[in-house]
Amino acid sequence: MGVTCPGPCRSVSQVPVAEGKSVQQTVELLARRLEALGADKQGTFGVDCETYHTAATLGTQGQTGKLMYVMHNSEYPLSCFALFENGPCLVADANFDTLMVKLKGFFQNAKANKIESRGTRYQYCDFLVKLGTVTMGPSARGISVEVEYCPCVIANDCWNLLMEFMQSFMGSHTPGVPSVFGAKHDSTYGPGDTMVQYMELFNKIRKQQQVPVAGIR
């Protein structure tokens, strides 16, 4: 099986593109803010998500098929994550992708919907920050910010610290409490909780319309 042990608490959120800037320029702006605080680069990261839907032959006529998201995270190279919207998160070995090929009669890959976030990791004291450019195909669609507080695995014990740190470089775009935190109460945080946040972020970016959004300044 894939990794199932508790992990450090993380917040995953989207930052809007700065006014008059491109996605890449906004990422560079955030990176400069982090480096001004004293953060150091610590390599790169990647999270990807492929969408599968139930095969038409299995669905009831007129009924919308269920979607399943198969995800990978470079922080867990030996694991694969399978998630349903509002459902459980299955943590499996990396060869789960091979199984999905064998299940193509039941689940079909919506290849055009593949989405991923890739970028740079930054370390600042006990915090690990990942600034990512979210892409679909060749197009940059948005910016992801993942912030991890390394010493803590109890979500509700560290949110105030996470929020205070995020405000130092995200300003007014600091996110609210992730929904997975509310569900955890005093239980431990795990890798699957991070992937749920990325799934929600990717779905939000997919659905966004091309309308003006107030950017960071």
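Higher on the page you've got the structure.
Residues numbered from 1 in each chain as written. Predicted model: local features only at pLDDT ≥ 70, side-chain atom pairs only at ≥ 80, totals over all residues. Heavy atoms only, no water.

**Regarding the overall build of the chain**
Then comes step 1: From N to C terminus, the chain includes five helices and nine strands.
Then comes step 2: In the chain, the succession of helices and strands from N to C terminus is β-α-β-β-β-β-α-β-β-β-β-α-α-α.
Then comes step 3: The burial tally for the chain puts 47% of its 217 residues in the buried class.
Then comes step 4: Intrachain contacts of the chain at a sequence separation of at least 6 include 64% that bridge at least 24 residues.
Then comes step 5: For the chain, the computed accessible surface area is about 11,200 Å², with 53% contributed by carbon and sulfur atoms. (Helix = DSSP H or I, 4+ residues; strand = E, 2+ residues; numbered from the N terminus. Buried < 20%, exposed > 50% of the residue type's maximum accessible area, 1.4 Å probe, protein only. Contact = heavy atoms within 4.5 Å. Areas by Shrake-Rupley, 256 points an atom, 1.4 Å probe, with all protein chains shown as cover.)

**Details of helix α3 (residues 155-170)**
Note on helix geometry: an α-helix contains 3.6 residues per turn, so any two residues three or four positions apart are oriented the same way.
Then comes step 1: The sharpest bend along α3 comes to roughly 25°, located at L161.
Then comes step 2: Along α3, the positions that sit buried rather than exposed are A155, C158, W159, L162, F165, M166, F169 and M170.
Then comes step 3: G171 sits one or two positions beyond α3 and adopts a positive phi of about 60°. (Bend = angle between axes of the 7 residues up to and from the residue.)

**Here we look at helix α1 (residues 23-37)**
Then comes step 1: For α1, spanning 15 residues, the distance from its first C-alpha to its last is 22 Å, which sits close to the expected 21 Å at 1.5 Å a residue.
Then comes step 2: Where α1 is buried, its residues contact β7 (115-124), β8 (127-136), β9 (139-149) and α3.
Then comes step 3: A positive backbone phi angle near 115° is found at G38, which sits one or two residues after α1. (Expected span 1.5 Å × (residues − 1).)

**Let's talk about the pairing of strand β5 (residues 89-93)**
Then comes step 1: Pairing of strand β4 (residues 79-84) with β5, which is carried by five bridges, proceeds in the antiparallel orientation. Pairing of F81 across the sheet is with V91, part of β5.
Then comes step 2: Here β4 folds back onto β5, and the loop between the two strands holds four residues, one of which, N86, carries a positive phi near 55°. (Pairing = 2+ DSSP bridges.)

**Overview of the pairing of β7**
Then comes step 1: Bridging between strand β2 (residues 40-54) and β7 involves eight bridges; their strand directions are antiparallel. Bridge pairing in β7 links D40 to Q123.
Then comes step 2: Between β7 and β8, which pair antiparallel in sequence order, lie two residues; one of them, C125, sits at a positive phi of approximately 50°.

**Considering the packing of α1 against α3**
When two helices pack together, their arrangement is captured by the angle between the axes and the distance separating the axes.
Then comes step 1: It is at 9 Å that the axes of α1 and α3 come closest, and there the two elements cross at 120°. Classed by the angle they form, the pair α1 and α3 counts as oblique. Contacts between α1 and α3 involve L30, R33, L34 and L37 from the first element and F165, S168 and F169 from the second.
Then comes step 2: Partitioned by chemical class, the residues of the contact of α1 with α3 number five nonpolar, one polar and one charged. (Axes fitted to C-alpha atoms, helices over the stretch in contact; angles between N-to-C directions. Parallel < 35°, antiparallel > 145°, perpendicular 65-115°, else oblique. Nonpolar A, V, L, I, M, F, W, Y, C, P; charged D, E, K, R; others polar.)

**Focus on the environment of Y52**
Then comes step 1: Within the fold, Y52 resides in strand β2.
Then comes step 2: Sequence separation between Y52 and L67 is 15 residues, and the spatial gap between their C-alpha atoms is 5.7 Å.
Then comes step 3: Apart from residues no more than four positions distant in its own chain, Y52 is found in contact with K66, L67, M68, V70, M100, F107, Q108 and N109.
Then comes step 4: In terms of polar contacts, Y52 uses its side chain to reach the side chain of N109, at 3.5 Å. (Polar contact = N/O pair within 3.5 Å; in protein donor to acceptor, adjacent residues only side chain to side chain.)

**Points about the side chain of N73**
Then comes step 1: When you line up the elements, N73 lands in strand β3 (residues 67-73).
Then comes step 2: Here E75 takes part through its backbone nitrogen, which lies 2.9 Å from a polar atom of the side chain of N73.

**Digging into the state of the cysteines**
Then comes step 1: In total, this model carries zero disulfides according to the counting rule given.
Then comes step 2: C89 takes part in no disulfide bond, and the closest cysteine sulfur to it belongs to C80, at a distance of 9.6 Å.
Then comes step 3: Given a relative accessible area of 26%, C89 falls into the partly exposed group. (Disulfide = S-S within 2.5 Å.)

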